[in-house]
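# Structural overview
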Amino acid sequence: AALRGQLSWPARRFRVAGHVDNLGIAVVLKRKGHVRGTLELAGEGRIAQGGVVGTLTLRNARGFMLTSPFYRGQADLRFSGRSVELEQARAEVPGAKIAGRGHGAYGGGFHAGYGVVLTDALALRHVSPTLRVLIGLNGILPGRTIEGALDRQPGGKVELSHHVLPIGASQLVLLYRVLTGRVPSVDHQ
């Protein structure tokens, strides 16, 4: 890892930027993890409102998730005290593009919506069956579009839901959003 930072303790402000190589999610969450990767990051903020107020940007993320490769990952997060807004996240796995956004709070729940577009059905053989089921890639028809959600209530378990969009206008809109990098909308609860 190569990180540069600046800390102004009297103003309670900070900045960090750099490259992180071979980071495992188990290091961050202190539990058994199945995500390992490399990424570039930049963050800026201040300590306020019982937490952090600021932004974090992740770019050029690549690695493995549940033994499946992912690449071209990026995310923009905004922190406001104890809450977080995932403004946009994108990644690609062999044969599919994924985009999403969400919101949550420390000690509270989390809600994220995502969309998946199949781009190459044959390349899906490089994606683990577990990951395919998690994000809704049960079929292998190119152009298939899946819309899903990840929810966690305070103190509860993570719940995943998804559905395949019928061919039609709604599928074309989601396909356009995912391919151009515009993420699906998320209802704020």
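I will try to describe carefully the structure that is included in this document. Just so it is clear, the model here is predicted, and its values are computed rather than measured.

Moving on, we get to the nonpolar core. Ranked by internal contacts, the top residues of the largest apolar core, which has 16 residues, are Leu39, Val93, Ile98, Val116, Val127, Leu131 and Ile135. Those elements giving two or more residues to this core turn out to be strand E3 (35-48), strand E7 (96-105), strand E8 (110-118) and helix H2 (129-135). By residue number, the principal contributor to this core is E8, which donates three residues. Residue contacts for Val127: discarding those within four places in its chain leaves Ser68, Val93, Pro94 and Arg132. Within the second largest apolar cluster, five residues are counted, among which are Ala99, Val117, Leu174 and Val178.

This brings us to the pairing of strand E2 (residues 13-24). Sheet topology note: the strand E1 (residues 2-8)/E2 ladder contains seven bridges and is antiparallel. Bridging across to E2, Ala2 finds its partner in His19. Alignment of E2 against E3, held across 10 bridges, turns out to be antiparallel. Each residue of the ladder has a partner; that of Arg15, found in E3, is Glu44.

Looking at the element boundaries, Gln6 is found in strand E1. Excluding its chain neighbours within four sequence positions, the residues that come into contact with Gln6 are Arg13, Phe14 and Arg15.

For Arg12, which is not glycine, the phi dihedral falls at a positive 60°. Here Arg72, not a glycine, exhibits a phi torsion of approximately 55°, which is positive. Within the secondary structure, Arg72 sits in strand E5 (residues 68-81). Note on Arg72: relative accessible area 57%, which makes it exposed.

Reading the values: rules and limits
Residues numbered from 1 in each chain as written. Predicted model: local features only at pLDDT ≥ 70, side-chain atom pairs only at ≥ 80, totals over all residues. Heavy atoms only, no water. Core = buried A, V, L, I, M, F, W, Y, C linked by side-chain atoms within 4.5 Å. Buried < 20%, exposed > 50% of the residue type's maximum accessible area, 1.4 Å probe, protein only. Helix = DSSP H or I, 4+ residues; strand = E, 2+ residues; numbered from the N terminus. Contact = heavy atoms within 4.5 Å. Pairing = 2+ DSSP bridges.

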